[in-house]
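The chain contents come next:
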Amino acid sequence: MPSLPFDQIDLLIIDRIGFKVGYLDYGDIALHAAGDSTTTAGPPDGRPAIINTTFSYDAELGRARGVTFVGVARAPIGRVVPFVEAGLWRWWVREVERSEFALTINGRPFDTAAVNDDRTLASWDPVLSGGAEVWLTKMFAVSGGVRLVRLRTANRDVDERFAGLFFGVRLSQRQ
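Predicted model only: the values in this text are computed from it and were never measured.

Criteria and cut-off values
Residues numbered from 1 in each chain as written. Predicted model: local features only at pLDDT ≥ 70, side-chain atom pairs only at ≥ 80, totals over all residues. Heavy atoms only, no water. Helix = DSSP H or I, 4+ residues; strand = E, 2+ residues; numbered from the N terminus. Contact = heavy atoms within 4.5 Å. Core = buried A, V, L, I, M, F, W, Y, C linked by side-chain atoms within 4.5 Å. Buried < 20%, exposed > 50% of the residue type's maximum accessible area, 1.4 Å probe, protein only. Salt bridge = Lys/Arg side-chain N within 4 Å of Asp/Glu carboxyl O. Patch = residues over 30% accessible without salt bridge, like charges linked within 9 Å, V, L, I, M, F, W, Y side chains within 5 Å. Areas by Shrake-Rupley, 256 points an atom, 1.4 Å probe, with all protein chains shown as cover.

1. Notes on the side chain of arginine 150
Among the structural elements, arginine 150 can be located in strand E6 (residues 140-152). Non-local contacts of arginine 150, meaning those with residues more than four positions away in its chain, are made with Trp89, Trp91, Asp125, Pro126, Asp159, Glu160 and Arg161.

2. Notes on the nonpolar core
Counting 14 residues, the largest nonpolar core has Leu24, Tyr26, Trp89, Trp91, Val149 and Leu151 as its most contacted members. Broken down by secondary-structure element, the contributors of at least two residues to this core are strand E2 (17-41), strand E3 (49-74), strand E4 (80-105), strand E5 (108-135) and E6.

3. Here we look at the pattern of salt bridges
Using the criterion set out here, one finds six salt bridges in the structure. Here aspartate 25 ties to arginine 63 by a salt bridge, and the two come within 2.0 Å at their closest N and O atoms. Of this pair, aspartate 25 sits in strand E2 while arginine 63 sits in strand E3, and the two are 38 residues apart along the sequence. Using a relative accessible area of 39% as the deciding quantity, one classes arginine 63 as partly exposed. The residue aspartate 117 makes a salt bridge to arginine 119 at a minimum N-O spacing of 3.9 Å. Classification of arginine 119 as partly exposed rests on a relative accessible area of 29%.

4. Description of a nonpolar patch on the surface
Taken together, Val80, Val134, Leu136, Val142 and Val169 make up a surface patch of nonpolar side chains, about 370 Å² in accessible area. Tracing the chain through its elements places leucine 136 in the loop between E5 and E6. You can call leucine 136 partly exposed: its relative accessible area is 43%.

Have a look at this one:
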């Protein structure tokens, strides 16, 4: 289950246009598949052979996290300030894959294999957000919105899209 992402940190916000740098952490992503098959085959000598195959596959992408660089456009309307953010994020994730395969014929092991692969994946992908700040006082605001991010590697081994809600508070002088 994804963890709540860290929100961006304001570096520069002018009344209507700005830039933010931040950090996102989308938590662990896992996949599991397993199966087995049994086949009865009759060789030319007439004796049946029972062939059984089993396999399992586990892939864990670990914690998808990275740094965001986004431009911000704000539209102050009194105490409510709608905004949109668009930019890129540089993400990285540690991928671990484990797979096992076994083949038996008439109950006797014929072939087995196990593969373990551990590597780090990284890429630049788009991030898009929209939401609003609501100023409760001249110094305190709450904000919230929706953020869309993508994780895709060049060879497309990983191609995921995430949408998440974010909430925050802002302590500063209303602009």
